[in-house]
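# Fold and geometry: a report
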Amino acid sequence: MQTIKDKYKDYFKGKKYNITTFGCQMNEHDSERISYILEDLGYEKTDDRDQADFILFNTCLVRENAELKLYGQVSSLKRLKKENPDKIISVSGCMMQTSTAREVIVNNHDEVDLIFGTKNINSLPDLIYKYLESGERVVDISSDDVKDDFVKYNNKNDFQAYVNIMRGCDNFCSYCIVPQSRGREESRRPSAILAECENLVKDGFKEITLLGQNVNSYGNKADFNMTFPQLLEKISQIPGLKRLRFTTSHPKDLSDELIEVMKNNDNICKFFHLPLQSGSSKVLKDMNRKYDQEKYIERAKKLKREIPELALSTDIIVGYPTETEEDFQETLKVCREVGFDQAYTFKYSPRPKTRAAKLEPIDETIVQDRFDRLLDTIYPIFNEKNKEYIGKTVEVLLESVSKNNPQVLTGRTDSFKLVHVKADKSLIGQFVKVKITDNTSFTISGDLVE
Ligand code: SF4
């Protein structure tokens, strides 16, 4: 009896796929999984979307502009699809997990043939077969993926890898749509995560980044006893693992135990991403962040006191509907007092079906003015932080060729500083020593120490 797989085994030969990924590292990692599945079917990767037979947009909806960008890019394919009806156009990711965005695609974008979500990526082959058999659009966002399954990825290179430790979020910050799109918190079994990490190290990977919307609540509600600090320490003890990173943490769950584990294990990178969002305790309450200014500063200072070489980054939202000028001044005050090494800064963007979306937004010119003043405050701090590296020799994992200068390679220090250094491409994927001679607010640069 011929299986559907047999029937289409030659169909994919010579066909190409193209993936556009929006958003966070979790989406990037999902795209690595999708790319592995498509190549396993027989597709080959192409960076030229027009040449692709399977075109996928893996979407994000944390901010409105990501959503609008997606609709624009999908619409631009109407002509291509009309001229080449055999091309398969697909949309997945967080936008498709929410009915609002999914209906926009279903009702306004006939050019889209296949819609799937963040929790049924492993079903992609069957969804493609279903489309090929029926020729009808397939829309399926069921939750088939078993989180503990050991699945393969096309990692971005052969020395750095992401590993999901959990999915979903139970925090319901009033501005955030992630709990709707990624669902309730579910932690993967420690044994599945450890096995995946051991295999990666065996395959020669040097750096692992653990992923979760809120890694600090790992193990909550689980039918096993393992906290995040315990899991992190176990992974750091895998022989041969050079660097271990993790993201994202929530300040309310940042424990002394985690700080201890980071301090006592050299291969756990001395970099911490700790989203602040606002410096005003009143706004933090309105955002349902479950910590106040004092708690945040106490946690940030504890981290830096215990691990002086640690670099700290954060997320800041400007223009939350209840934010006053006084509240904004509190944000600037925390930025000066904590002294961040880097920050991801955003203007508040109302998201459908979030509590904050019901609130009256602040005038855009006021938000833009505050945003500009925030950057004027934090960039000089970044510059001072980076200036401290001048004269130091740092270990750098070289990652790629600089976009601006083919003679220059870029890489990261343990503290996640972006380093530029003149070096031969053959050193990509290697650890090298660099003597730092210069800096900007965003990078440090220097000479290779032979
Ligand atoms: S912690 Fe808050 S901001 Fe972060 S994903 Fe969860 S709900 Fe969103």
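For the structure itself, consult the block above.
Residues numbered from 1 in each chain as written. Predicted model: local features only at pLDDT ≥ 70, side-chain atom pairs only at ≥ 80, totals over all residues. Heavy atoms only, no water.

## Things to note about the packing of helix α2 (residues 25–41) against helix α7 (residues 124–134)
In plain terms, the rule: As a rule, the C-alpha atoms of each element are fitted with a line to give its axis, helices using only the stretch in contact, and angles between N-to-C directions run from 0 to 180 degrees. Counting from the N terminus, the helices are the DSSP runs of H or I reaching at least four residues and the strands are the DSSP runs of E reaching at least two. In what follows, roughly perpendicular refers to angles from 65 to 115 degrees, roughly parallel to angles under 35, roughly antiparallel to angles over 145, and oblique to any angle outside these ranges. Should any heavy atoms of two residues lie within 4.5 Å, those residues are considered in contact.
Contact geometry for α2 and α7: axes closest at 10 Å, N-to-C directions at 55°. One way to sum up the angle between α2 and α7 is to call them oblique. Seen from α2, the contacting residues are I34, I37, L38 and L41; seen from α7, they are L124, P125, I128 and Y129.

## Focus on the sheet that holds strand β4 (residues 88–93)
Basically, it comes down to this: When DSSP finds at least two bridges between two strands, those strands are taken to pair.
Read from one edge of the open sheet, six strands run β2-β1-β3-β4-β5-β6, paired in parallel fashion. Two strands close off the open sheet at either side, each with one partner strand: β2 (44–45) and β6 (138–140). Of the strand pairs in this sheet, strand β1 (residues 16–21) and β2 are connected by two bridges, and their pairing is parallel. For Y17, the partnering residue across the bridge sits in β2 and is K45. Running over the sheet, α2 touches β1, β2, β3 (54–59), β4 and β5 (114–116) and is turned about 175° from β1.

## Focus: helix α11 (residues 256–264)
Here is the rule: Between buried and exposed lies partly exposed: a residue is buried under 20% and exposed over 50% of the maximum accessible area for its type, with that area taken using a 1.4 Å probe on protein chains only. To obtain the arc, one takes the directions from the helix axis to the C-beta atoms.
Looking only at α11, the buried set comprises L258, I259, V261 and M262. Buried residues of α11, viewed axially, fall in a sector of 160°; they line one side. Those residues of α11 that are buried are in contact with α10 (228–236), β11 (243–247), β12 (271–273) and α13 (293–306).

## Things to note about the pattern of salt bridges
The cut-off we apply is this: The salt bridge criterion pairs a side-chain nitrogen of Lys or Arg with a carboxyl oxygen of Asp or Glu, the two atoms within 4 Å.
Per the stated rule, a full pass over the model turns up 32 salt bridges. A salt bridge links K119 to E186, with the nearest nitrogen and oxygen atoms 4.0 Å apart. One end of the pair, K119, is in the loop between β5 and α7; the other, E186, is in strand β9 (residues 186–187), and 67 residues separate them in sequence. For E186, a relative accessible area of 27% puts it in the partly exposed group. In this structure, a network of salt bridges that share partners links the residues E323, E325, D369, R370 and R373.

## Looking at α13
Just so we agree on the cut-off: Under the convention used throughout, the expected extent of a helix is 1.5 Å for every residue step, that is, one less than its residue count.
Here α13 is 14 residues long and its end C-alpha atoms lie 20 Å apart, about the 20 Å a rise of 1.5 Å per residue gives. What α13 keeps buried is the set Q293, Y296, I297, R299, A300, K302, L303 and K304. The secondary structure elements touched by the buried residues of α13 are α11, β12, α12 (281–286), β13 (311–318), α14 (325–338) and α15 (364–387).

## Observations concerning the environment of V112
Within the secondary structure, V112 sits in the loop between α6 (99–108) and β5. Sequence-wise, V112 and K78 are 34 residues apart; in three dimensions their C-alpha atoms are separated by 8.9 Å. Among all residues touching V112, those that are not within four sequence positions of it are V74, I89, V91, I105 and R137.

## Overview of the site of the ligand
Put simply, the test is: Any residue with a heavy atom positioned within 4 Å of a molecule or strand is treated as near that molecule or strand. Under the scheme applied here, ten amino acids are nonpolar (Ala, Val, Leu, Ile, Met, Phe, Trp, Tyr, Cys and Pro), four are charged (Asp, Glu, Lys and Arg), and all others, including Gly, are polar.
Taken together, C169, N171, F172, C173, Y175, C176, V178, P179, Q213, H250 and R289 make up all the residues around the ligand. Grouping the amino acids of the shell around the ligand by side-chain chemistry returns seven nonpolar, three polar and one charged.

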